[in-house]
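Each chain is listed here by its residues.
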Amino acid sequence: MTNHDGWDEALESFTRKRAPQAGRVQRTARTWGNITHADGLERVFRDELLARRDPDDFRYIDWLYGDHAD
């Protein structure tokens, strides 16, 4: 019955917190891929929307990269 100085609990806690985050990354990957690799009229719309957007606006990816990432 070795605790390994809290490592078992730390790893369990990490898994509980990171598993939902990893799942969300996987669920959104196809959407972001479709946006990134758009062609034709979709590309025109994407480029127009991105051109009008504030370059410091990260509201759609703050959940992943922000300081307050879930």
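Refer to the structure above for everything that follows.
Residues numbered from 1 in each chain as written. Predicted model: local features only at pLDDT ≥ 70, side-chain atom pairs only at ≥ 80, totals over all residues. Heavy atoms only, no water.

K.L.:
In this structure, what is going on with the overall build of the protein chain? I would like to understand it.
P.N.:
Across its full length, the protein chain holds three helices and zero strands. For the protein chain, the sequential pattern of α-helices and β-strands runs α-α-α. Against the 2.2 N^0.38 benchmark of 11 Å for 70 residues, the protein chain shows a C-alpha radius of gyration of 19 Å, more extended than a compact globule. Structurally, the protein chain occupies a C-alpha span of about 60 × 25 × 10 Å along its principal axes. (Helix = DSSP H or I, 4+ residues; strand = E, 2+ residues; numbered from the N terminus. Rg over C-alpha atoms; globule rule 2.2 N^0.38 Å.)

K.L.:
Just to check I follow, could you spell out the pattern of salt bridges for this structure?
P.N.:
When the charged atoms of two side chains with opposite charge come close together, those side chains can pair. Per the counting criterion, the structure on display carries three salt bridges. A salt bridge links Glu-48 to Arg-52; the nearest nitrogen and oxygen atoms lie 2.5 Å apart. Here the residue Glu-48 and the residue Arg-52 both occupy positions in helix α2 (residues 40-52), the gap between them amounting to four residues, near one helical turn. Taking relative accessible area as the criterion, Arg-52 reaches 66% and is therefore assigned exposed. (Salt bridge = Lys/Arg side-chain N within 4 Å of Asp/Glu carboxyl O. Buried < 20%, exposed > 50% of the residue type's maximum accessible area, 1.4 Å probe, protein only.)

K.L.:
What should I look at first to understand the layout of surface pockets in this one?
P.N.:
It is a probe the size of a water molecule, rolled over the atoms, that shows where empty space is left. One number sums up the size of the largest pocket: a volume of about 450 Å³. Lining the largest pocket are 16 residues, with Trp-32, Ile-35, Leu-50, Arg-53 and Tyr-60 sitting closest to its centre. Per-element accounting of the lining of the largest pocket gives the leading share, six residues, to α2. A class-by-class count of the residues in the lining of the largest pocket yields nine nonpolar, one polar and six charged. (1 Å grid on protein atoms, 1.4 Å probe; cavity = no way out; pocket = protein on both sides within 12 Å on 5 of 7 lines; lining within 4 Å. Points joined across faces, edges and corners; volume = space filled by probe spheres on them. Nonpolar A, V, L, I, M, F, W, Y, C, P; charged D, E, K, R; others polar.)

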